[in-house]
Structures are given as C-alpha cells and as structure tokens.
Amino acid sequence: MNTAEELNTLLASNLDFVAYRLPNASVSALYFTPEAQTIDAKELGRKDGFLIAPFQHHNRYTLIPFSRDWSTVKPAAFDFEPAVKSTVPTDYYRAANYFIEAMKASKLDKVILSRVEARSFDQPQDWTNIYNQLCAAYPKAFVYLFRTQAQGMWMGATPEQFLNVEDQHLSTVALAGTQPRSEAIHWSEKEKEEQQFVTQYIEQLYLKNNMDVAIEGPQTVTAGPVAHLKTSFQSRDKVDSDFLAQFAKDLHPTPAVCGLPKEKALEYILSQEHHQRACYCGFLGPIHRTDLNLFVNLRCMQIFKEQLALYIGGGLTKDSEPEQEWQETVEKAKTLLAIIESSQNSNP
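My aim in this report is to walk through the structure given alongside it, one point at a time. (Residues numbered from 1 in each chain as written. Predicted model: local features only at pLDDT ≥ 70, side-chain atom pairs only at ≥ 80, totals over all residues. Heavy atoms only, no water.)

### Re the sheet that holds strand β12 (residues 226–238)
The nine strands are arranged β3-β5-β4-β14-β15-β9-β10-β12-β11 in an open sheet whose pairing can be described as antiparallel. Only two strands of the sheet have a single neighbouring strand rather than two, namely β3 (37–40) and β11 (213–223). With strand direction ignored, the average angle separating the axes of adjacent strands in the sheet is 20°. With 10 bridges connecting them, strand β10 (residues 169–180) and β12 associate as antiparallel partners. Bridge pairing in β12 links His169 to Lys238. Together, β10, β11 and β12 form the strand contacts of helix α4 (residues 189–208), whose direction differs from that of β10 by roughly 170°. Seen against the sheet, helix α5 (residues 241–251) touches β5 (60–64), β9 (161–166), β10 and β15 (292–296) and runs at an angle of roughly 170° to β9. (Pairing = 2+ DSSP bridges. Helix = DSSP H or I, 4+ residues; strand = E, 2+ residues; numbered from the N terminus. Axes fitted to C-alpha atoms, helices over the stretch in contact; angles between N-to-C directions. Contact = heavy atoms within 4.5 Å.)

Given below as structure tokens:
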C-alpha cells in the first residue's frame, strides 16, 4: 500500500495513529498502535515516538510509538467526541475588551484570546486528500493528522517550532505578530511590541538556565496567507535529557500562546474563554532519545463525526482593537479553510 492507502485503512479502523510531514520534507511518516501511551513529562528525551501535549497537559503527555504492525488493523468504528460550538462575535468582543482593560490597568502585558469556528458537513470528508493538500500547499509547515482515544482526531499545518534538539543543541523560536501576506509589509509598533514580549521571555529562560545562546532576528516569515515576525534561538551549550524535560515544562505555554505574566494570563484565559483549548496551543511532534522536533499546535482543527472545529487566536495588548483582532483570526483560519473548501469542490 502507498501512504494514502495506508491512511485510508487506518481511518476505517479504531486504532490510534499519526501521519506527519516535517517542514521541507518530501515524504510523510505514518505510525499506529491499538492504544497510545501516557508518559510523564520527565520522560521527554528518554522515549521514542510521536508526542502530543495538550494546552493544559498537567505534566502528562500522550505518545504514539513508532510502530507499524498491520496485523492489529481491523475495520471498526471510532468513537468520536461530542461536537463543539462556535464562538459568537459578542462573546469574543466582550472577552477582548475585558483583557484590554486589564492591560490598561497594568494587570497584564499581553494575553492570547482564541475562538472556535465550527462547521458541519453532510457528506463524508476525504481527510486523506485534505492532509495531502495541506502538505502540498504548506511545504515549510509541520503538517499532521492524528487520532487517539484520549484526544480525538486533529489535523493541522503549523508554522511554529516549539523545541528542536539536534546533536544535543536546543533551539526554539519567538513567533508573533500577524498580517495578511503581501509584497510590502509594514509592522506596527503594537505588532513589534507583541513579538518583543515573546522574544524577551525566551531569552530570559535561556539566561536563567545559564545557557550561552545565539539569537537571530526578528525577521519577516510567511505561513500560507499570513506573515509573522520571527526570532530564532539556539544554544551553544549541549543539553541532557533531564535539562530538556525541565526546559520544555518551563517554556510551555509560551507568551505567544498564553501571555505575560504567564500565570496571570493563563488565569484570565481560563476564566473568559468558553471553550476548552484541548490540543490547540499545546505542542506535538516526533521525539527520540537523541533528538526531537516539537511544534506549537497552531492552524489546527479538531474533527468530529459530522463537524470540524477550527481553533484560532491572536495576541492582544493594551493598544489592540477587538474588531481588528477578530479579522486577524479570520485571516489565520484561511490556512485550513482554503484546503477544506478545495477538497469539497473537487469531491462534490
């Protein structure tokens, strides 16, 4: 079987599986298991497999081993989770204004507000085709499709690295600020400030751990229909598995998906967002004992039996305008919506 046939076979089973394509890679990897494992956060750097960490992971990660035992694959129905509801604009604007007032009162520096856009479908969707189209449309993104009993089924094309370790050197990025992609991009002071908050937080985390770090940026990068400001960090020192596990716990959630001060921003998010972020704004990717590639789970959707739910968000500062922030989420949603609509048009 080719990869598409394998993926279709797994979609018709009830096994836990993942298909993923690393940035700039030409082929996908696919692994599956009767039931994914749950590991402690301290085991990062000591296990091999595809790791999934929800936004609120409580120091427990899901791991799909690098296994491919086709004797375990049998046709069976998967038990999907109940569907979710879209965020209505009035709720979004109310929360945005609440956050902005808190920042004007110096209670917060920055906070990330997210929303859900749910869409129902009457006909079965060709998820394998949508996954392949995402891979073709976004060659620089980390593209994945996974399904587990614990998290349900998710698909995404994320532009943001969480942690990378190669030859024991640790790297990450600060990605913030969003504009529609164009030939001439001018970054406002609000967008520069938003990105600088994330950059300073990550730089301080390296320094707190007495690490010599090389910093590059900020520079403009594109991700499908949008552009971002990006700063890259790489340690000159080597790291061991104990350090790596602790650094990942300290780094998540970054200011790019939560806010600053981190604990206070998280408290505000949990009190005002009416949905559970679940895997959105968590991190995921393949890990080995010697290296890892983890990505922040952005530009993603959860898939239900007869519905999909896009999770989209953006950073607010005291100078934010709620209507403009809503429009920013509309632009980000196009990453997935364009592919979904193209697939639906080609399979009427």
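Let us keep going from here.
### Examining the packing of helix α1 (residues 3–11) against helix α3 (residues 127–137)
The description of two helices packed together rests on the angle between their axes and the distance between the axes. Their axes nearest at 9 Å, the elements α1 and α3 cross at an angle of 135°. Considering their axes alone, α1 and α3 lie oblique with respect to each other. Here α1 and α3 pass one another in a crossing that is right-handed. Along the contact surface, α1 presents Ala4, Leu7, Asn8 and Leu11, while α3 presents Trp127, Thr128, Tyr131 and Asn132. Within the contact of α1 with α3, the residues separate by chemical class into five nonpolar, three polar and no charged. (Parallel < 35°, antiparallel > 145°, perpendicular 65-115°, else oblique. Left-handed = near helix turned anticlockwise from the far one by under 90°. Nonpolar A, V, L, I, M, F, W, Y, C, P; charged D, E, K, R; others polar.)

### Points about the packing of helix α2 (residues 89–104) against helix α6 (residues 262–272)
As a packed pair, α2 and α6 sit with axes 11 Å apart at the nearest point and diverge in direction by 155°. Taken together, α2 and α6 sit at an angle that is classed as roughly antiparallel. Note on packing geometry: the crossing formed by α2 with α6 is right-handed. For the pair α2 and α6, the contacting residues are Arg94, Ala95, Tyr98, Phe99 and Ala102 in the first and Tyr268, Ile269 and Gln272 in the second. Taken together, the residues that form the contact of α2 with α6 break down as six nonpolar, one polar and one charged.

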